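# Observations on chain architecture
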Amino acid sequence: MQTVKMVVTGPFNAGKTEFIRSVSEIEVVSTERKISSEAERVKDQTTVAMDFGRISIDENLVLYLFGTPGQRRFDFMWEILSEGMLGFIVMVDSARPETFREARNILETFRAYAPTPYVVAANKQDEQDAWEINDMRIALRLSPQVKLLPCVAKDKEAVKKVLLELLYSILEEMDTGEVSAPK
Amino acid sequence: MALKGNLRDFSITQLLNLVNVARKTGTLVVERSQEQVYVSFREGKLSYAHDGTDAASLTMVLYHAKKLNAAQVRIINERSRGMSDKELGLLLINSNYLSQQEILTSLQTYYLSTVNRLFTWGEGLFHFDNDLLPPKDKITVRISLENLIIEGSRKMREWEQLQGEIPSLEMALKFSQRPGVNLRNLNLNADEWKVISFINPKNTIHQIAKATNKNDIEIRRIVYSFIQAGLVDMVRPEGVPVQQPVQPIQFVPPVQPRISLPQGSKTEFKSLINRIITRIRSI
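In this report, we go over the structure that sits alongside the text.

## Some thoughts on the overall build of chain B
Per the secondary structure count, chain B includes 10 helices and seven strands. For chain B, contacts bridging at least 24 residues in sequence account for 74% of all contacts bridging at least 6.

## Here's the deal with the overall build of chain A
Summing up its helical and strand segments, chain A has five helices and seven strands in all. N-terminal to C-terminal, the α/β element order of chain A is β-α-β-β-β-α-β-α-β-α-β-α. When each of the 183 residues of chain A is scored for burial, the buried share is 62%. Counted over contacts in chain A with a minimum sequence separation of 6, partners at least 24 positions apart contribute 68%. Taken as a whole, chain A presents about 7,600 Å² of accessible surface, with 46% of it coming from carbon and sulfur.

## With respect to the packing of helix H1 (residues 12–21) of chain B against helix H6 (residues 146–165) of chain B
To describe two helices that pack against each other, one gives the angle between their axes and the distance between the axes. Residue and element names in this part refer to chain B. Their axes nearest at 9 Å, the elements H1 and H6 cross at an angle of 160°. With respect to each other, H1 and H6 are oriented roughly antiparallel. In the crossing of H1 with H6, the sense of the turn from one axis to the other is left-handed. Between H1 and H6, the contacting residues are Thr13, Leu16, Asn17 and Asn20 on the first element and Glu146, Leu148, Ile149, Gly152, Ser153 and Met156 on the second. The class makeup of the residues in the contact of H1 with H6 is four nonpolar, five polar and one charged.

## Comments concerning the packing of aromatic side chains
Taken as a whole and assessed by the stated rule, the structure comprises 14 aromatic pairs over all chains. Taken together, a centroid distance of 5.5 Å and an interplanar angle of 40° make the contact between A:Phe88 and A:Phe110 tilted. Taken as a pair, A:Phe88 in strand S5 (residues 87–93) and A:Phe110 in helix H3 (residues 100–113) lie far apart in primary sequence, 22 residues in all. A relative accessible area of 0% means that A:Phe88 is categorised as buried. What makes A:Phe110 buried here is its relative accessible area of 0%. Consider the rings of B:Tyr48 and B:Tyr111, whose centres lie 5.3 Å apart with planes at 70°: the pair is edge-to-face.

## Concerning the sheet that holds strand S3 (residues 35–42) of chain B
All names here are of chain B. With antiparallel pairing, the five strands of this open sheet are ordered in space as S1-S5-S2-S3-S4. What marks the edges here is a single partner per strand, and that holds for strand S1 (4–6) and strand S4 (45–51). Strand after strand, the sheet turns through a mean of 20° between neighbouring axes, direction not considered. As paired strands, S3 and S4 are joined by six bridges and run antiparallel to one another. Within S4, the position partnered with serine 40 by the bridge is tyrosine 48.

## Some remarks on the pattern of salt bridges
Evaluation of the coordinates by the stated rule reveals 25 salt bridges over all chains. For A:Glu157, the salt bridge goes to A:Lys160, with nearest N and O atoms at 3.4 Å. Taken together, the residues A:Glu157 and A:Lys160, both in helix H5 (residues 156–175) and three residues apart, mark about one turn of the helix. For A:Asp175, the salt bridge goes to B:Lys270, with nearest N and O atoms at 2.5 Å. Here A:Asp175 is found in helix H5, whereas its partner B:Lys270 is found in helix H10 (residues 266–282) on a different chain. Relative accessible area serves as the criterion here: at 52%, A:Asp175 is assigned to the exposed category. Judged by relative accessible area, which is 27%, B:Lys270 ranks as partly exposed. Put simply, A:Lys147, A:Lys161, A:Glu165 and A:Glu172 are held in one network by salt bridges that share partners.

## Things to note about helix H9 (residues 216–228) of chain B
Residue and element names in this part refer to chain B. The terminal C-alpha atoms of H9 lie 18 Å apart, and with 13 residues this matches the ideal 18 Å at 1.5 Å per residue to within 8%. Along H9, the positions that sit buried rather than exposed are Ile217, Ile219, Arg220, Ile222, Val223, Tyr224 and Phe226. Tucked inside the fold, the buried residues of H9 contact H6, strand S6 (172–175), helix H7 (190–197), helix H8 (205–211) and strand S7 (232–235). Of the residues trailing H9, glycine 230 is marked for its positive phi of about 75°.

## Let's talk about the side chain of B:Thr59
Residues and elements named next belong to chain B. Within the secondary structure, threonine 59 is located in helix H2 (residues 58–64). By relative accessible area, which is 1% here, threonine 59 ends up buried. In this view, threonine 59 contacts Leu68, Val73, Ile76, Asn77 and Leu88; residues no more than four positions away in its chain are not counted.

## Notes on the environment of A:Phe12
Residues and elements named next belong to chain A. Along the chain, phenylalanine 12 turns up in the loop between strand S1 (2–9) and helix H1 (16–23). A residue is classified by how much of its surface remains accessible, and phenylalanine 12, at 11% relative accessible area, is buried. Considering only alpha carbons, one finds phenylalanine 12 and methionine 91, 79 residues apart in sequence, at a separation of 9.6 Å.

Reading the values: rules and limits
Residues numbered from 1 in each chain as written. Chains lettered and ligands numbered in written order. Predicted model: local features only at pLDDT ≥ 70, side-chain atom pairs only at ≥ 80, totals over all residues. Heavy atoms only, no water. Helix = DSSP H or I, 4+ residues; strand = E, 2+ residues; numbered from the N terminus. Contact = heavy atoms within 4.5 Å. Buried < 20%, exposed > 50% of the residue type's maximum accessible area, 1.4 Å probe, protein only. Areas by Shrake-Rupley, 256 points an atom, 1.4 Å probe, with all protein chains shown as cover. Axes fitted to C-alpha atoms, helices over the stretch in contact; angles between N-to-C directions. Parallel < 35°, antiparallel > 145°, perpendicular 65-115°, else oblique. Left-handed = near helix turned anticlockwise from the far one by under 90°. Nonpolar A, V, L, I, M, F, W, Y, C, P; charged D, E, K, R; others polar. Phe/Tyr/Trp six-rings, centres within 6.5 Å; stacked < 30°, edge-to-face > 60°. Pairing = 2+ DSSP bridges. Salt bridge = Lys/Arg side-chain N within 4 Å of Asp/Glu carboxyl O. Expected span 1.5 Å × (residues − 1).

Pasting the structure below:
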């Protein structure tokens with residue numbers, strides 16, 4: 001049985017766990033803990049080590065989806081989780097501009113771990129306070145080449161589209177020679 | 001869709017850059033306690049700005065720019081009752097009071113000074129309204145944002161540096177023990193003297209700022225200059241208990257499943273990706 005993985009990263013409360021939950025065929029293995037900090041109490045629980053979802057591709061291949069903890073104090077997990085990934089998805093909460101800088105920093109950190117293809121998912125696009133995609137691109141300082149995709153993590157179709165776009169990016173980068181098959 | 005947030009998280013420099021790059025048209029409204037600032041843009045250029053709910057009249061702008069004196073303002077206001085700023089501007093030009101250039105330069109200076117105030121705001125709620133345009137009777141200009149952004153970035157850098165030097169306004173100040181410093185021989189301006197008069201280990205910098213009506217950047221700038229000159233030292237305010245550092249909770253990361261990277265040729269790798277694509281499409 002061959003296994004491959006993708007990583008879903010992003011700031012605290014960006015929607016990473018929800019994203020994985022939408023497509024995983026197993027109940028997401030989550031390491032959530034109650035939030036202790038008052039400042040971060042925008043939700044009850046947060047991921048402290050990783051989330052873990054699975055999609056069986058066929059009888060010989062399994063895709064694992066790993067969600068990273070969003071809080072900086074658990075960033076020791078990031079490098080461990082990024083090892084051997086096919087690519088990664090940076091989730092950004094479109095309605096919380098205060099997290100854009102953190103999202104940008106996380107993106108750069110993951111690029112430094114592994115120069116694999118990635119896409120950015122502008123989550124919570126269904127919320128009234130969500131920023132427009134074009135404004136987010138400028139705010140996140142993403143070049144036009146980087147895929148910034150509107151997303152609603154609880155919507156399976158939107159999540160599928162993000163995953164597919166990442167896979168297309170992997171193929172495109174293989175064709176342009178920027179990514180080679182791991183030896 | 002919204003373009004809203006807080007300057008604490010998304011600075012005015014970043015906002016102006018966004019407006020400039022996206023060539024936006026509309027009005028940025030920034031609010032902080034009782035203050036409100038409106039900055040209008042047309043295709044990414046600054047066109048109009050005012051603070052408060054009432055826009056300053058043209059005569060007041062020209063008075064502040066020292067283009068009109070108080071007596072002239074009074075006479076013009078009496079004669080131009082009911083006139084719009086545009087009509088008044090034409091009247092002033094036609095009656096050779098002022099040139100068109102003088103009026104435009106005065107307005108530009110006023111609009112820029114309004115925007116410049118925002119660079120000193122550490123926080124404030126903002127939203128960008130695409131449908132809110134300057135009132136039709138007001139004179140608009142076209143000012144490129146690049147210089148404003150560069151100048152703003154410089155101010156923000158200064159702000160960051162000051163925040164680095166004085167990370168918390170909850171600290172207090174005390175006069176340094178350095179012998180030979182005679183305050184009477186110091187060359188301080190009125191604002192600095194005001195701050196000096198409040199220096200006491202019982203007063204936090206925040207309290208001094210409030211008492212002297214200074215914003216965060218102004219008080220930091222003054223305190224930093226005092227520290228640099230060796231006049232004062234930062235101390236913990238008297239009566240405030242020392243906080244014990246919190247021990248971080250140690251989490252043992254769970255063992256992650258063994259992942260094997262796809263081995264073999266580029267063709268095999270492509271085939272693997274295509275299999276995943278097919279599967280995900282079918283979920």
